[in-house]
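In case you want the letters, here they are:
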Amino acid sequence: MTTALYHREGAYIPRIAAIHDLCGYGKCSLGVAIPVLSAAGCDVCPVPTGLFSSHTAFPGWYMHDTTAILADYLDAWKGIGVDIDAVYSGFLGAPEQVDIIRSVYETYPNALRVVDPVMADHGKVYPTYTPELCEAMAGLAADADILTPNLTEASIILGIEWPGADVDEATARRMIDGLREKGARNVVLKGIDRNDGIIRNYVEGDSVEFFVTENELLPYMLHGTGDLFASSLLAAVMTGRDLSHATRFASDFVVSAMKITAHQPDFQNRGVSFEPLLGDIASLLKK
């Protein structure tokens, strides 16, 4: 049985705390979450976990850690009565930010908790992530209503060796079971590549029966596709779609955006181009 994780009432506009970094160039993190979720008729309230000049695939990037300002930033929300329907976190700048997110959970106990544990890919941890931050992120994953790791991130959370991108269904299901045993209520395990021209995502949880999406595997990688996947998935959830429908929508949306991106200059560096497809996100409100 599959049930929706969010029920939208009439003309109400849901409010989402988007706790991600802000990247000046490269189209990822808040630069993706804000337009995508806004197109789904959501009020996006950004909480910047760090400021980046560009994504970290570029040389000479600059990062400013915002940890020191976040407590006062969020306390100011309490003073003006901000209400939140979902808390959506991604890339974090320091282990202390996990404690800050947990304080947000305490302030808004009924909010949907969405954790995209952005910390690694292709068997490698991102350069700003320390072992302490990885451990803290793994702890946060246990609190998620929706957890969206790739295989590398799932391996870190589970404390196992990265199995590579080519895993069979039984292994994927064991990993999902392990993540659920740690506390995550619904898991979307992303990016299984069996060298057969198909990219797969596996879904299972309290609200959704086991489900697999299959899409064409394009012959190039792009920065920001994970952020786009999680943001478009949440966009669908916040319009009342159940997690199987939301995962299918997000999978198709990312592939379509990647195809558009390939027509842009310097496309493999600039980040995924989703802007012409925002109407597809808005169309979720009409169905």
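Check the entry above for the structure.
Residues numbered from 1 in each chain as written. Predicted model: local features only at pLDDT ≥ 70, side-chain atom pairs only at ≥ 80, totals over all residues. Heavy atoms only, no water.

A. The overall build of the protein chain, seen in detail. The helix and strand inventory of the protein chain stands at 10 helices and 11 strands. Radius of gyration (C-alpha) of the protein chain: 17 Å, near the 19 Å computed for a compact globule of 287 residues. Counting only C-alpha atoms and orienting by the principal axes, one finds that the protein chain spans roughly 55 × 45 × 40 Å. The burial tally for the protein chain puts 54% of its 287 residues in the buried class. Long-range pairs, those at least 24 residues apart, make up 71% of the contacts in the protein chain with a sequence separation of at least 6. As presented, the protein chain carries roughly 12,100 Å² of accessible surface, and 54% of it is formed by carbon and sulfur atoms. Distance from the positive charge centre (21 side chains) to the negative charge centre (37 side chains) of the protein chain: 5 Å. (Helix = DSSP H or I, 4+ residues; strand = E, 2+ residues; numbered from the N terminus. Rg over C-alpha atoms; globule rule 2.2 N^0.38 Å. Buried < 20%, exposed > 50% of the residue type's maximum accessible area, 1.4 Å probe, protein only. Contact = heavy atoms within 4.5 Å. Areas by Shrake-Rupley, 256 points an atom, 1.4 Å probe, with all protein chains shown as cover. Lys, Arg positive; Asp, Glu negative; His and termini not counted. Charge placed at Lys NZ, Arg CZ, Asp CG, Glu CD.)

B. Quick look at the packing of aromatic side chains. One pass over the structure, following the stated rule, counts 8 aromatic pairs. Where Tyr25 meets Phe58, the ring centres are 5.5 Å apart and the plane angle is 55 degrees; that geometry is what we call tilted. Of this pair, Tyr25 sits in strand 1 (residues 15-25) while Phe58 sits in the loop between strand 2 (43-54) and strand 3 (63-65); the two residues are 33 residues apart in sequence, bridging distant segments of the chain. An angle of 20 degrees between the planes, with centres 5.8 Å apart, marks the rings of Phe249 and Phe253 as stacked. Taken together, the positions of Phe249 and Phe253, both in helix 8 (residues 243-261) and 4 residues apart, correspond to about one turn of that helix. There is no split in this pair, since Phe249 and Phe253 are both buried. An aromatic cluster is present here, built from Phe52, Trp61, Phe91 and Tyr129 joined pairwise through their rings. In this structure, Arg113 is placed above the aromatic ring of Tyr105, and the distance from its NZ or CZ to the ring centre is 4.2 Å. (Phe/Tyr/Trp six-rings, centres within 6.5 Å; stacked < 30°, edge-to-face > 60°. Lys NZ or Arg CZ within 6 Å of the ring centre and 35° of its normal.)

C. View of the pattern of salt bridges. Inspection of every chain in the model, using the stated rule, returns 12 salt bridges. Put simply, Arg102 and Asp143 hold a salt bridge, and the shortest N to O gap is 3.0 Å. In this pair, Arg102 is assigned in helix 3 (residues 96-107) and Asp143 in the loop between helix 4 (131-141) and strand 8 (146-147), connecting sequence segments 41 residues apart. (Salt bridge = Lys/Arg side-chain N within 4 Å of Asp/Glu carboxyl O.)

D. Structural detail: the pairing of strand 2. Where strand 1 lies against strand 2, 9 bridges are found, and the strand directions are parallel. Counterpart to Arg15 in the pairing with strand 2 is Asp43. The parallel pair strand 1 and strand 2, bridged by helix 1 (residues 30-39), forms a crossover whose chirality is right-handed. Bridge count for strand 2 against strand 3 is 3 bridges, and the pairing is antiparallel. (Pairing = 2+ DSSP bridges. Right-handed = clockwise from strand over helix to strand, strands pointing away.)

E. Representation of the packing of helix 5 (residues 151-158) against helix 6 (residues 169-181). In contact at an axis separation of 10 Å, helix 5 and helix 6 are set at 50 degrees when each is read in the N-to-C sense. Accordingly, the angle class assigned to the pair helix 5 and helix 6 is oblique. Helix 6 is crossed by helix 5, and the crossing has left-handed handedness. Counted together, Leu151, Ala154, Ser155, Ile157 and Leu158 of helix 5 and Met175, Gly178 and Leu179 of helix 6 form the full contact between these two elements. Its residues placed into classes, the contact of helix 5 with helix 6 shows 6 nonpolar, 2 polar and no charged. (Axes fitted to C-alpha atoms, helices over the stretch in contact; angles between N-to-C directions. Parallel < 35°, antiparallel > 145°, perpendicular 65-115°, else oblique. Left-handed = near helix turned anticlockwise from the far one by under 90°. Nonpolar A, V, L, I, M, F, W, Y, C, P; charged D, E, K, R; others polar.)

F. View of the environment of Val36. By the element assignment, Val36 lies in helix 1. Separated by 99 residues in the primary sequence, Val36 and Glu135 place their C-alpha atoms 29 Å from one another. When neighbours within four sequence positions are excluded, Val36 is seen to be in contact with Leu228, Ser231, Ser232, Ala235, Phe274, Leu278 and Ile281.

G. How the structure looks around unusual backbone geometry. With a phi angle near 50 degrees, His122 is a residue other than glycine that sits in the positive phi range. Phi is positive for Asp266, close to 55 degrees, though the residue is something other than glycine. Along the chain, Asp266 turns up in the loop between helix 8 and helix 9 (267-270).

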